[in-house]
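# Close look at the chain arrangement
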Amino acid sequence: MSPAIAAHEYSPWDFWSEASPSEREAQLLLQQTVVSGRPDHELGDQCFLSELASIDNDSLRLGDRTYVAAGAYLTGDLRAGADCSINPYTVIRGRVTMGDGVRIGAHTSILGFNHSMESGTPVFRQPLTSKGIEIGDDVWIGSHVVILDGVRVGSHSVLAASAVVTKDVPAGAVVGGNPARFIRWRVEPDDTGVHPDAAADAAARGTEDRPDSPEPREPVETRPAVLAALATTASEAAVSPELRSVPESEPESEPAPDAELPPDADPTHTPSRAPAPGGPTAAPNTVLTAVGASSGSDDVTGLAERVAELAARARDEASVVLQRTWNDDLGLFTDRPGAAPTVRAQADAIEIADLLLGTAPPQASVEAQIRRLQGWQDATTGAVAPLDADGRQQAGLGFSHGDVAYHVLSTGYALDLLGSAFPAPLTWVTAATPERVVEFCESLPWATDAWGAGHHIDGFGTAILWTKRAGHPIPAGVEEALFGWLLLNTDPQTGMWGSATPDRGNLPVVNGFYRASRGTFAQFGVPLPHPDRVIDTVLRHARDPRWFAPGARNACNVLDVAHPLWLARGTGYRDDEVRELAARLLSDALATWVPGAGFSFREPSPAARGLSETEPGLQGTEMWLAILWYLADLAGVSDALGYRPRGVHRPEPAATLR
């Protein structure tokens, strides 16, 4: 008769509190045998290794109180934090890293390697590859789960029993099924701005119900003294520089709330609900459905036909769209009826008219529009300050202010489209030094707000453009300092700058990369240092349902995916995936044109009904027209549009560095 197997071999969580002295001594001896002579093996305090587990790792690091139960099979490189459980018959192979408090159910396979499978060679002779698997803190992995190579699992997430996880899991998400799909939030992102009473209706649609206008953003944490030194002349330095607030620049959306869906539900499916009063197509947000409903299976010909139809409709209605936002009393454009005038609205109107009509907006003569834009530039600093509600410029703001930084782009390109330019030098560049440029780059909040950091890099890079165009001298080494800093500080793993954040994941990194690369590498035709990694990062980010579920998407987030993919194209890397994503996003966007009004900043959806960001306006229309071009070009159908952006979102370089 075989001796009974000790219960703690399969259920080791109480071993150190219940085991006898001899059992504890035997366990410590087993651990010593595993690590002896192997400096790449390390076990924390009160770990447990079952005698019935197969531990055959190349390197092994287990944190305090982490245990490996009977039947587990471990190979490759494993790093686990404290308080992790590797339960019976779990298989962990390849390169796997996990944080603290990861609980793994029985019979789960975490496979941080793969075979290739090219034809002509038996599978057993195919080479192995390993991208590795990363698992955050406080993750619950159910029994019989399979996690495939290359996946990142965010902290506080839950992988339901029998899930087959083939794609990254956002922090705090609950996923399940084969392949695993988003079910709901375990830990809801904490900055949605959603009122609890409104959350349930919005959640089922996978969108947020944020009451804010799309324009305002929180101030960025910059070093005002450094920005002031770079952005001002001696005469402006006496003015205390403002922290940025960006009501006219491209905003980023907030996380979507919890989605209470059944385990087998499709998070992109909108449940059947009674429509809001007036129905989802009530004015003024009537969505043009005649162009065609969303379809992920459009062939190129069908998609091109829909693209051409939308472009023709937009050209036919361009004059009406522009007149809708013209304020006769002020002689200025507003983003949408009833809104206050902004500098950006004038620029957006000029960009839209150029794209769709091939002329300046007919509401004023070209000369009058040039005089207006040039008259807004400060003759001493070259800055263009924002307007108040009455259309008057605010005083005392320098380039450290977010709107002023963005006006370098919007006003400069609007003047360029009108055949003119800034009359005064931009002291942001002409008063710079290489040392100040480096200080400026390092002062930006890359770790906490990569979008805000990229926003200011975009403005400074574009200030270099207009300075070069005007023939004003640029201090020696300024351009080299900017591009040198960006090249030296690019993350080789993401191809981008900055860090993901716990609440927004890669959103600020990808959005900040678009802004920073647009004003530098794209604008001056300089190759990206790591284009394939950029594609990897963008495709991974585009799978995040918080930003890309139907109804959750906005112009900023989609543009910030489309432009980097277009900029990084050309190597053939993951081309099929890029085309598929572009075609799907393009197909969905085509259905959101509102007759006589244009595009809203955010996709219309029942959950977001009544929010200002879903009302059509000049900003949404200008951005989505550019987005359509980039998506269409990635999908191979851009010729059907009949236009090509020439302003802020132009695809061609605007100048060269030399």
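Computed from a predicted model, the values in this text were never measured in an experiment. (Residues numbered from 1 in each chain as written. Predicted model: local features only at pLDDT ≥ 70, side-chain atom pairs only at ≥ 80, totals over all residues. Heavy atoms only, no water.)

## Things to note about the overall build of the protein chain
For the protein chain, the helix and strand inventory stands at 18 helices and 21 strands. Within the structure as shown, the protein chain displays about 26200 Å² of accessible surface, and the carbon and sulfur contribution to it stands at 52%. (Helix = DSSP H or I, 4+ residues; strand = E, 2+ residues; numbered from the N terminus. Areas by Shrake-Rupley, 256 points an atom, 1.4 Å probe, with all protein chains shown as cover.)

## Regarding the packing of aromatic side chains
How two aromatic rings sit relative to each other is given by the distance of their centres and the angle of their planes. If you walk through the whole model with that rule in mind, you get 22 aromatic pairs. A ring pair is formed by Y10 and Y89, whose centres lie 6.3 Å apart and whose planes are at 45°; its orientation type is tilted. Here Y10 is found in the segment before α1 (15-18), whereas its partner Y89 is found in the loop between β6 (85-86) and β7 (91-98), with 79 residues between them in sequence. Arranged with centres 5.0 Å apart and planes meeting at 15°, the rings of F399 and W428 form a pair that is stacked. Residue F399 is found in the loop between α7 (366-375) and α8 (402-417), and its partner W428 is found in helix α9 (residues 427-430); the two are separated by 29 residues along the sequence. The residue whose ring lies beneath R569 is W566, and the NZ or CZ to ring-centre distance is 3.6 Å. (Phe/Tyr/Trp six-rings, centres within 6.5 Å; stacked < 30°, edge-to-face > 60°. Lys NZ or Arg CZ within 6 Å of the ring centre and 35° of its normal.)

## Focus on the sheet that holds strand β13 (residues 140-141)
Strand order in this open sheet of eight strands is β2-β4-β6-β8-β13-β16-β18-β19, and the pairing throughout is mixed. Each having just a single partner strand, β2 (48-49) and β19 (181-185) make up the two edges of the open sheet. Across four bridges, strand β18 (residues 173-176) lies against β19 in antiparallel orientation. Among the inter-strand pairings, G176 is bridged to a residue of β19, identified as R181. (Pairing = 2+ DSSP bridges.)

## Here's the deal with the pairing of β18
Side chains on a regular strand alternate between the two faces of the sheet. Of the two faces of β18, the one holding A173 and V175 and the one holding V174 and G176 are both buried throughout. If you look at the hairpin formed by β18 and β19, you'll find four residues sitting between the two strands, and G177 has a positive phi there, around 100°. (Buried < 20%, exposed > 50% of the residue type's maximum accessible area, 1.4 Å probe, protein only.)

## Quick word on the environment of A53
The residue A53 is located in the loop between β2 and β3 (54-62) in this model. For the pair A53 and L74, spaced 21 residues apart in the sequence, the C-alpha separation amounts to 8.1 Å. Those residues in contact with A53, other than ones at most four positions away along the chain, are V68, A69, A70, G71 and A72. (Contact = heavy atoms within 4.5 Å.)

## Focus on the environment of D328
By secondary structure assignment, the location of D328 is in the loop between β20 (326-327) and β21 (332-333). You can call D328 exposed: its relative accessible area is 60%. As a C-alpha pair, D328 and Q363 span 35 residues in sequence and 9.1 Å in three-dimensional space. At a separation of 2.8 Å, a polar atom in the side chain of D328 contacts the side chain of W326. (Polar contact = N/O pair within 3.5 Å; in protein donor to acceptor, adjacent residues only side chain to side chain.)

## A closer look at the pattern of salt bridges
Pairing of side chains with opposite charge becomes possible as their charged atoms draw close. Under the defined criterion, the tally for this structure stands at 29 salt bridges. Between D416 and R469 there is a salt bridge whose closest N-O contact spans 3.1 Å. Here D416, found in helix α8, pairs with R469, found in helix α11 (residues 450-470); they are 53 residues apart in sequence, far enough to count as distant. Residue E577 pairs with R574 through a salt bridge whose shortest N-O separation is 2.7 Å. The class of E577 is partly exposed, set by a relative accessible area of 38%. On the basis of relative accessible area, R574 is assigned to the partly exposed category, the value being 23%. (Salt bridge = Lys/Arg side-chain N within 4 Å of Asp/Glu carboxyl O.)

## Description of helix α6 (residues 343-356)
Along its 14 residues, α6 runs 21 Å from first to last C-alpha, staying within 8% of the 20 Å computed at 1.5 Å per residue. Counted residue by residue, α6 has 14 buried out of 14 residues, so it is predominantly covered. With its phi angle positive at about 75°, G358 sits one or two positions after the end of α6. (Expected span 1.5 Å × (residues − 1).)

## Section: unusual backbone geometry
With omega at -5°, the peptide bond leading from N178 into P179 counts as cis. With phi around 60°, D83 is a residue other than glycine that occupies positive phi space. Tracing the backbone shows D83 in the loop between β5 (73-80) and β6. Since its relative accessible area comes to 30%, D83 is described here as partly exposed.

So, to be careful, I would describe these as geometric facts and stop short of saying anything about function.
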